[in-house]
Each structure stands twice: as structure tokens, then as C-alpha cells.
Amino acid sequence: MARDVQITFDCADPAGLATFWADVLGYQVQAPPQGFDSWDQALEAFGVPPEKRNDASAVIDPDGSGPRLFFQRVPEGKQVKNRVHLDVRAAPGLEGDARMAALEAEAERLVSRGATRIERHEPAPPLAGGHIVMADPEGNEFCLD
């Protein structure tokens, strides 16, 4: 039996990281509950104090096929390398120089939105097509693959 998967990020700024990942993946910030025009309006109605309104955020695939990403505020900062990371397929079907050029263009776009470039791994045919290791604005590693 297949199961739905949600990927959860511990972070300091859930709304900011949700916005970043929505841009990376072509996702959208999850809409507020029905009957509310904004999350602020909903959280106000639920009695959530202003200082707690950025404790969580989520993004969803508008097509409904990808997993939901959930961002939750935690008090501690990131301390070590991720044991699990996302591979963002930024050059599907491309090989060699064309693949690496597409990955470089996406890396440049994401750096302009707060990502950090960590390192480039060159293609090593036949099995490795090359990739770029990046980090999101809070230091969570991911690969442009």
C-alpha cells in the first residue's frame, strides 16, 4: 500500500524557508483554512499570539503529485551535515555540457534568492551525470541534479 509522504524541515524562519522552497520547486504556500483570506486572519481568529504566527508553514505541489513540505520553528540552529537531503531535478534529460549549463543557471538563480553554492561535481560517465551541492538560506544541503 502506497503512503503519502510529508518532508519536515526544522528551521528558524518557517515562512521564509517555505517561500524559498516554493520558488525552488514551483510549489505554492499552502492556502489558509476555508473561510479565511490570509493566514494572519486565520491565526488571529484561532487566538494565536503574533509572536507565534511564524511557528509553522507548509508548501504544496499545485498539481498534487509531489510531497507536502512542512517547516517548523525549533530553538536550535542547524549544527551538522544533513543525513537526508533533497535532489532537485533541474536538468532532466540533459547530459554533458548542456546538463551542467542548466544546473549552473539554476544555481545562479537560487543564489539570487538566498541559497549558497557549496560545490560542483563534474560528470563521470557512465553513472554520474554531474551535480551541484547547494544549501538553502538556513544551511540545509540539497543537490541540483
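Keep in mind it's a predicted model, so treat the numbers as computed, not measured. (Residues numbered from 1 in each chain as written. Predicted model: local features only at pLDDT ≥ 70, side-chain atom pairs only at ≥ 80, totals over all residues. Heavy atoms only, no water.)

Chemist: Help me understand the environment of Ile-7 in this model?
Modeler: Structurally, Ile-7 can be placed in strand E1 (residues 6-11). Classification of Ile-7 by relative accessible area gives partly exposed; the value is 25%. Considering only alpha carbons, one finds Ile-7 and Phe-71, 64 residues apart in sequence, at a separation of 8.6 Å. Beyond its immediate stretch of four places on either side in the chain, Ile-7 contacts Pro-67, Arg-68, Leu-69, Phe-70 and Leu-86. (Helix = DSSP H or I, 4+ residues; strand = E, 2+ residues; numbered from the N terminus. Buried < 20%, exposed > 50% of the residue type's maximum accessible area, 1.4 Å probe, protein only. Contact = heavy atoms within 4.5 Å.)

Chemist: Got a minute to help me understand the pattern of salt bridges in this structure?
Modeler: A pair can form between side chains of opposite charge whenever their charged atoms are brought close. One pass over the full model with this rule turns up 12 salt bridges. Note that Asp-23 is salt-bridged to Arg-113, the shortest N-O span being 2.6 Å. In this pair, Asp-23 sits in helix H1 (residues 14-25) while Arg-113 sits in the loop between helix H3 (96-111) and strand E6 (116-121), placing the two residues 90 residues apart along the sequence. Look at Arg-113 and you get partly exposed, because its relative accessible area is 42%. Notably, a salt bridge pairs Arg-120 with Glu-104, separated by 2.7 Å at the nearest N-O pair. Of this pair, Arg-120 sits in strand E6 while Glu-104 sits in helix H3; the two residues are 16 residues apart in sequence, bridging distant segments of the chain. Because the salt bridges share partners, they merge into one network encompassing Asp-23, Glu-106, Arg-109 and Arg-113. (Salt bridge = Lys/Arg side-chain N within 4 Å of Asp/Glu carboxyl O.)

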